[in-house]
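A look at the structure
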Amino acid sequence: VQLQASGGGLVQSGGSLGLSCAASERTASTYIMAWFRQAPGKEREFVAAISWTGGSTNYADSVKGRFTISRDNARNIAYLQMNSLTSEDTAVYFCAADTFNTWSRSADRDVYDYWGQGTQVTVSS
């Protein structure tokens, strides 16, 4: 499965931005999809995950109430809507797929076996 992340860019603090992750195969609609991010000099960290049905979501505490993950299985696309952005959200954002659907470990980057190339999000203060 190939994942293509897009939608990054430069936004002012307090603004919003939406990311998309397009999967190359329809089987991706049966996988957990997630977003991670990596800031300069820091490890890649979990942002949000969504079950293959879309019925369950999981968020990092730092983004709860501001970010929303969703998916459109008919189009094989996962989304991340980011609101109330701050400079702390500046990072490269990666989408990922877990083909084994290990929901109990949805925040663990080690369970994700496919990754997109990343898209830069920069929030100016």
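All of the points below concern the structure found in this document. (Residues numbered from 1 in each chain as written. Predicted model: local features only at pLDDT ≥ 70, side-chain atom pairs only at ≥ 80, totals over all residues. Heavy atoms only, no water.)

Right, let's talk about the state of the cysteines for a bit. A complete count under the given rule lists 1 disulfide for this structure. Paired by a disulfide, cysteine 21 and cysteine 95 hold their sulfur atoms 2.2 Å apart. Taking the torsion about the sulfur-sulfur bond, which here is approximately 70°, the covalent link between cysteine 21 and cysteine 95 counts as right-handed. Pair noted here: cysteine 21 is in strand E3 (residues 17-23) and cysteine 95 is in strand E9 (residues 91-98), with a separation of 74 residues, a long-range link. Using a relative accessible area of 0% as the deciding quantity, one classes cysteine 21 as buried. (Disulfide = S-S within 2.5 Å. Helix = DSSP H or I, 4+ residues; strand = E, 2+ residues; numbered from the N terminus. Buried < 20%, exposed > 50% of the residue type's maximum accessible area, 1.4 Å probe, protein only.)

Another aspect to go through is empty space enclosed by the protein. For the structure shown, the criterion picks out 1 cavity of 30 Å³ or more. Lining the largest cavity we find Cys21, Ala23, Ala28, Ser29, Met33, Arg71, Asn73, Asn76, Ile77 and Ala78. Here the lining of the largest cavity is composed, by residue class, of 6 nonpolar, 3 polar and 1 charged. (1 Å grid on protein atoms, 1.4 Å probe; cavity = no way out; pocket = protein on both sides within 12 Å on 5 of 7 lines; lining within 4 Å. Points joined across faces, edges and corners; volume = space filled by probe spheres on them. Nonpolar A, V, L, I, M, F, W, Y, C, P; charged D, E, K, R; others polar.)

With that settled, the discussion passes to the sheet that holds strand E8 (residues 77-82). With respect to topology, 4 strands assemble into an open sheet ordered E1-E3-E8-E7, the strand pairing being antiparallel. The open sheet is flanked by strand E1 (3-6) and strand E7 (67-72), the only strands paired with a single partner. Neighbour-to-neighbour, the strand axes of the sheet open up by a mean angle of 15°, direction not taken into account. Pairing of E7 with E8 involves 6 bridges; the strand directions are antiparallel. What sits directly across from aspartate 72, in E8, is isoleucine 77. (Pairing = 2+ DSSP bridges. Axes fitted to C-alpha atoms, helices over the stretch in contact; angles between N-to-C directions.)

We now examine the nonpolar core. The nonpolar side chains of a soluble globular protein tend to be buried, and buried together. Ranked by internal contacts, the top residues of the largest apolar core, which has 39 residues, are Trp35, Leu80, Met82 and Tyr93. Within the residue set of this core, elements represented by two or more residues are E1, E3, strand E4 (32-38), strand E5 (45-50), E7, E8, E9 and strand E11 (119-124). For leucine 80, the contacting residues outside a window of four places in its chain are Leu17, Gly18, Leu19, Trp35, Val47, Ala48, Phe67, Thr68, Ile69 and Tyr93. (Core = buried A, V, L, I, M, F, W, Y, C linked by side-chain atoms within 4.5 Å. Contact = heavy atoms within 4.5 Å.)

What follows deals with the side chain of asparagine 76. Residue position: asparagine 76 is located in the loop between E7 and E8. Judged by its relative accessible area of 13%, asparagine 76 is buried. Ignoring anything within four residues of it in the chain, the contact list for asparagine 76 reads Cys21, Ala22, Ala23, Glu25, Arg26 and Ser29.

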